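Structural overview for review
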Amino acid sequence: MSTRTSALDAVVFGVDIQSGDVRGDAPSYALAVYDGDDVSRDVVSHRKLRRLIDDEEPAIVATDNMYELAADKDQLIHFLGSLPAGTRLVQVTGAEQPEPLSRVANRHNVPYGKDPMQEAEAAARLAAHNVGHEVSAFTDTTSVKVARGRSTGSGGWSEDRYTRRIHGSVRKRAREVESELEDANLEYEREVREAYGGFANAVFTVAARPGDIPVSRNRSGDVRVEIERQRRDGIEFEPLVKRRDHVIVGIDPGTTTAVAIVGLEGEVLDVWSSRTSDTAGVIEWIVERGRPIIVAADVTPMPETVEKFRRSFDAAGWAPQSDLPVDEKQHRTRDHPYDDDHQRDAMAAALYALDAHADQFERIADKLPPGIDRGEVTARVVAGEESVEAVLTDLTDDEDSEEESTDHEPRELTAEERRIKDLERQVDRLQSHVERLEGRVAERDERIDELETELGVARREERKEVRRDREVSRLERKANRLERERDAAREEVETLEKKVERMKALWKLDHSNFSDVSAEKEGLVPVKVVEKFTKGAIREANEQYGIASGDVVYIRDASGAGRSTAELLAGFGPRVVLKDGGLSEIADELLFENEIPVGPADDVAMQEVDELAVAREDDVEAVVDDWHDRAADRRRDRKAAMVDQLISEHRAGDNEV
């Protein structure tokens, strides 16, 4: 059900002063009770009105002026606080600056008469159709306080037990209240003051109105429950419907229909899109948010669907001279959120329509005297194509007739008096217009000063930014240059370190001092040391000091070498290989086939200095000669074995024959 019709099924009290004054004694009220299509009427006193409100708990108490029910603000707040939880006070003529009731009734096609009872009935019917503003002095937050119901004063010999019982009862009731709030799924905060035997009091701050809270105020024995709505800072007005201002509507039709609502000041009030809503649903959504002055599209000519909406609201239409480009729509809507491209297009249409009429809106506002509804005049000028002067004359005549109708002894004014009144109204309008223009000039002067100050600050910041950018660029160039110099220095250091290592090796070889070798350097030979008989160790030794053809190679651990490792070592062509540990058959055979002598390192006297070593030439020659002798024997044995095998094969062949 729409919020526009939700109040129709509820009981509404319409109230208007019948006689007397609320500031005096014993005022009487015209009371119209509107219940659907039935209306009952009565004249009641203020006290009886309050009693009827308490007994029947109407949904709304409607009036054209809230101060007909209270003499001042304090009394009004007291009146609002005494209303039943489900009852609202509604001022049907507007908020802080109410309109004449006759005009509001005429606008909404509600019967109206000058008699107080007729005004009370008109107020009830208007409120039942959700016209007006709710008057509120309280928030939607309620305080529920559970406290002691009696004093814990002197109790004689049983004072402790008496106090403990009261505080225990408060705690028990507080837990019951908390359980009821949780069962109702209400949000609340609890503040407890503990005392001897239980709670002194417990205060629950609940995010709900008293009528929505399943707890009532009561006092029973040791415990009392108090319920109080939290006060606002002042009196506030809230429209019964979400928004009924005059607005501009942008529509993007299609499979997905999107609608945007924009106020006359340029604020985007709401935006919405749907794939399922029909025309009636879209119209209802718009009606709940305002009264369209202009219905706009983002393409030309205006689509037929948008034209139907325009005719439904009897509003002016707007379409661009050519279809709005996507980039322009994105730029115009950049400051407002939207969920999809359809909402963006609808919003752009409304905003561009506002831009197109901005000068006209401003001219209308400049011509309006104080107290005139700008939206109403703008709607009649733009959508109804009336002149501002004609609308103002019409509205002024309404006000004059309203004022004259309240005069108990009306008389016809003379021509001179009418002329004086016309001139006085004209002077008032001109003075108000001058004051408004002067105010605008002052505001614009202040705005110019602010912009000039901001411009000066922006220029200083820009200069600082330019200097900062220059300094950053200079430092970046310097950093890049230093990084290049660092990389070049590292490469040079690496080259020099390799050179130093080679020179160190040569120095060690030329300056070795051995206790068991003759001081003369003749008769010594350098030895290249390999830690293990593996490819990695061989390559590492080659990288450190190089392995060349004819070198003496010493392998500290010769075990475990395979064919590929032996082939790698044989590829360097060493003069002799000295080893510690056993050599595999595969490696021994491959080195033998490559004519590389192999001998035990124990047969050679070596002196090691770090990773380098030297040995006596005589010992090396002896190992080489010994290997050659063994190699000759090995070849003879192989040949003998081959001859024996051939003989055996030959004899085996003869036997088969």
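Small disclaimer: the values here were computed from a predicted structure and weren't measured. Sequence positions are assigned chain by chain, starting from 1 and proceeding in written order. Only residues with pLDDT of at least 70 get local features here, since the model is predicted, and only at 80 or more are side-chain atom pairs given and counted; chain-wide, interface and lining totals rely on the full set of residues. With hydrogens and water stripped out, all remaining heavy atoms of the structure feed into the side-chain values.

**With respect to the overall build of the protein**
Which entries qualify depends on this criterion: Strands here mean DSSP runs of E at least two residues long; helices mean DSSP runs of H or I at least four residues long; both are numbered from the N terminus. Note on classification: 1.4 Å probe, protein chains only; a residue is buried when its accessible area is under 20% of the maximum for its type, exposed when over 50%, partly exposed between these limits. By definition, residues are in contact when any of their heavy atoms lie within 4.5 Å. Here, Shrake-Rupley sampling with a 1.4 Å probe gives the accessible areas, and only protein chains in the shown set may cover a residue.
Scanning the protein from N- to C-terminus turns up 16 helices and 21 strands. Residues counted as buried form 37% of the 657 residues belonging to the protein. Here the contacts in the protein between residues at least 6 apart in sequence split such that 63% fall between residues at least 24 apart. When the accessible surface of the protein is totalled, it reaches about 38700 Å², and 45% of it is carbon and sulfur.

**Overview of the UniProt feature "coiled-coil region" (unreviewed entry) in the protein**
Where we set the bar: UniProt positions are given in the numbering used here, feature names are shortened, and annotations may be inferred rather than shown by experiment.
Under the present numbering, the feature "coiled-coil region" (unreviewed entry) in UniProt falls on residues 167-194. This span, residues 167-194, is 61% helix and 25% strand, and a straight line between its end C-alpha atoms measures 8 Å.

**What to know about the packing of aromatic side chains**
Formally: Each Phe, Tyr or Trp ring, with Trp reduced to its six-membered ring, pairs with another whose centre is within 6.5 Å; inter-plane angles below 30 degrees give stacked pairs, above 60 give edge-to-face pairs, and intermediate values give tilted ones. Two thresholds decide whether a charge sits over a ring: the Lys NZ or Arg CZ must be within 6 Å of the ring centre and within 35 degrees of the ring normal.
The full count for this structure, using the stated rule, is three aromatic pairs. Taking 5.1 Å as the distance between ring centres and 20 degrees as the angle between the ring planes, the aromatic pair formed by Trp272 and Trp285 counts as stacked. A residue pair is termed long-range when its members are at least 10 positions apart, and Trp272 in strand β13 (residues 268-274) and Trp285 in helix α6 (residues 279-287) qualify at 13 residues. The aromatic ring of Phe592 is capped on one face by Arg634, whose charged end is 4.2 Å from the ring centroid.

**A look at the environment of Pro303**
When you line up the elements, Pro303 lands in the loop between β14 (291-296) and α7 (304-313). Taking the C-alpha atoms as reference points, Pro303 and Asp252, separated by 51 residues in sequence, lie 9.0 Å from one another. In contact with Pro303, other than residues within four places in its own chain, are Pro253 and Ala297.

**Comments concerning helix α4 (residues 116-128)**
Side chains three or four residues apart in an α-helix point the same way, a direct result of the helix having 3.6 residues per turn. The cut-off we apply is this: Under the convention used throughout, the expected extent of a helix is 1.5 Å for every residue step, that is, one less than its residue count. As used in this structure description, the phrase polar contact means that two N or O atoms lie within 3.5 Å; if the pair is within protein, one of them must be able to donate a hydrogen and the other to accept it, and residues adjacent in sequence are counted only when both atoms belong to side chains.
Taking 1.5 Å per residue as the helical rise, α4 with its 13 residues ought to reach 18 Å, and the 18 Å between its terminal C-alpha atoms agrees with that figure. Counting buried positions over the 13 residues of α4 gives eleven, a clear majority of the element. Taken residue by residue, α4 has Pro116, Met117, Glu119, Ala120, Glu121, Ala122, Ala123, Ala124, Leu126, Ala127 and Ala128 as its buried positions. The opening residue of α4 is Asp115, an N-cap whose side-chain oxygen sits 3.0 Å from the backbone nitrogen of Met117. Asn130 sits one or two positions beyond α4 and adopts a positive phi of about 60 degrees.

**Some words on unusual backbone geometry**
Most of the time, phi is negative for any residue but glycine, and the peptide bond is trans. Thr300 connects to Pro301 through a cis peptide bond whose omega is -5 degrees. Mapping Pro301 onto the fold places it in the loop between β14 and α7. With phi around 60 degrees, Asn130 is a residue other than glycine that occupies positive phi space. Mapped onto the elements, Asn130 comes out in the loop between α4 and β6 (133-148).

**Describing α6**
Short version of the rule: Comment: arc refers to directions from the helix axis out to C-beta atoms.
Val282, Trp285 and Ile286 are the residues of α6 that are buried. Seen from one end, α6 has its buried residues packed into an arc of 100 degrees, which puts them on one side. Where α6 is buried, its residues meet β11 (246-252), β12 (257-263), β13, β14 and α7.

**Side note on the pattern of salt bridges**
Condition: Salt bridge criterion: a side-chain nitrogen from Lys or Arg within 4 Å of a carboxyl oxygen from Asp or Glu.
Considering all chains together, one arrives at 39 salt bridges under this definition. Its salt-bridge partner being Arg209, residue Glu134 comes within 3.6 Å of it at the nearest N-O pair. One end of the pair, Glu134, is in strand β6; the other, Arg209, is in the loop between β8 (198-206) and β9 (218-220), with 75 residues separating them in the sequence. Given the relative accessible area of 22%, Arg209 is considered partly exposed. Glu178 serves as the salt-bridge partner of Arg190, at 3.2 Å between the closest nitrogen and oxygen. Pair noted here: Arg190 is in strand β7 (residues 188-195) and Glu178 is in helix α5 (residues 159-183), with a separation of twelve residues, a long-range link. Connected through shared salt-bridge partners, Asp298, Lys329, Asp341, Arg344 and Asp345 make up one network.

**Observations regarding the pairing of β14**
Put simply, the rule reads: By the convention used here, strands pair only if DSSP detects at least 2 bridges between them.
Most of β14 sits inside the fold, with five of its six residues counted as buried. Here five bridges tie β11 to β14, and the two strands are oriented parallel to one another. Bridged to Ile248 within β14 is Ile294.

**Some words on the nonpolar core**
Test applied: For our purposes a nonpolar core is just a set of buried Ala, Val, Leu, Ile, Met, Phe, Trp, Tyr and Cys residues, chained together by side-chain atoms within 4.5 Å.
Counting residues in each nonpolar core, the largest one holds 36 residues, and the members touching the most others are Val530, Phe533, Ile555, Leu578 and Val620. Those elements that provide at least two residues to this core are β16 (524-532), α13 (535-545), β17 (552-557), α14 (563-572), β18 (576-579), α15 (585-593), β21 (612-616) and α16 (617-656). Leave out the neighbours within four places in its chain, and Ile555 touches Val530, Lys532, Phe533, Leu569, Val577, Leu578, Lys579 and Asp580. Counting 31 residues, the second-largest nonpolar core is a separate cluster that includes Ile294, Ala349, Val382 and Val388.

**Examining the packing of helix α9 (residues 341-366) against helix α10 (residues 374-382)**
Convention followed: With axes taken as lines fitted to C-alpha atoms, and helix axes fitted only over the stretch in contact, angles between N-to-C directions fall between 0 and 180 degrees. Angles are sorted into four bins: roughly parallel if under 35 degrees, roughly antiparallel if over 145, roughly perpendicular if 65 to 115, and oblique for all others. Helix crossings fall into two classes, left-handed where the near helix is turned counterclockwise from the far one by less than a right angle and right-handed where it is turned clockwise. Polar here means any residue outside two lists: the nonpolar Ala, Val, Leu, Ile, Met, Phe, Trp, Tyr, Cys and Pro, and the charged Asp, Glu, Lys and Arg; Gly therefore counts as polar.
For the pair α9 and α10, interaxial distance at closest approach is 10 Å and the crossing angle is 125 degrees. Compared by their axis directions, α9 and α10 come out oblique. For the pair α9 and α10, the sense of crossing is right-handed. Only Arg374, Val377, Thr378, Val381 and Val382 of α10 make contact with α9, whose side of the interface consists of His357, Gln360, Phe361, Ile364 and Ala365. Residue composition of the contact of α9 with α10, by class: six nonpolar, three polar and one charged.

**Digging into the confidence of the model for the protein**
The predicted coordinates ought not to be read in detail in places where the model reports low pLDDT. We count it as follows: The predictor attaches a confidence to each residue, and that confidence, scored 0 to 100, is pLDDT.
Counting all residues, the mean pLDDT for the protein is 83, and 86% of those residues have values of 70 or more. In the predicted structure, residues 1-6 sits below a pLDDT of 50 and forms 16 contacts with residues beyond four places in sequence or in another chain. Note on residues 512-521: pLDDT is under 50 here. Beyond four places in sequence and across chains, it has nine contacts.

**Here we look at the sheet that holds β13**
On the basis of which strands lie adjacent, the open sheet formed by five strands has the order β13-β12-β11-β14-β15 and mixed pairing. At either margin of the open sheet sits one strand with a lone partner, and together these are β13 and β15 (316-318). Mean inter-strand twist for the sheet, computed between neighbouring axes without regard to direction, equals 25 degrees. In the sheet, β11 pairs with β12 via six bridges, with the strands oriented antiparallel. Considered in β12, the bridge of Asp252 is made with Ala258. On top of the sheet, α6 reaches β11, β12, β13 and β14; it is set at about 15 degrees to β12, its chief contact.

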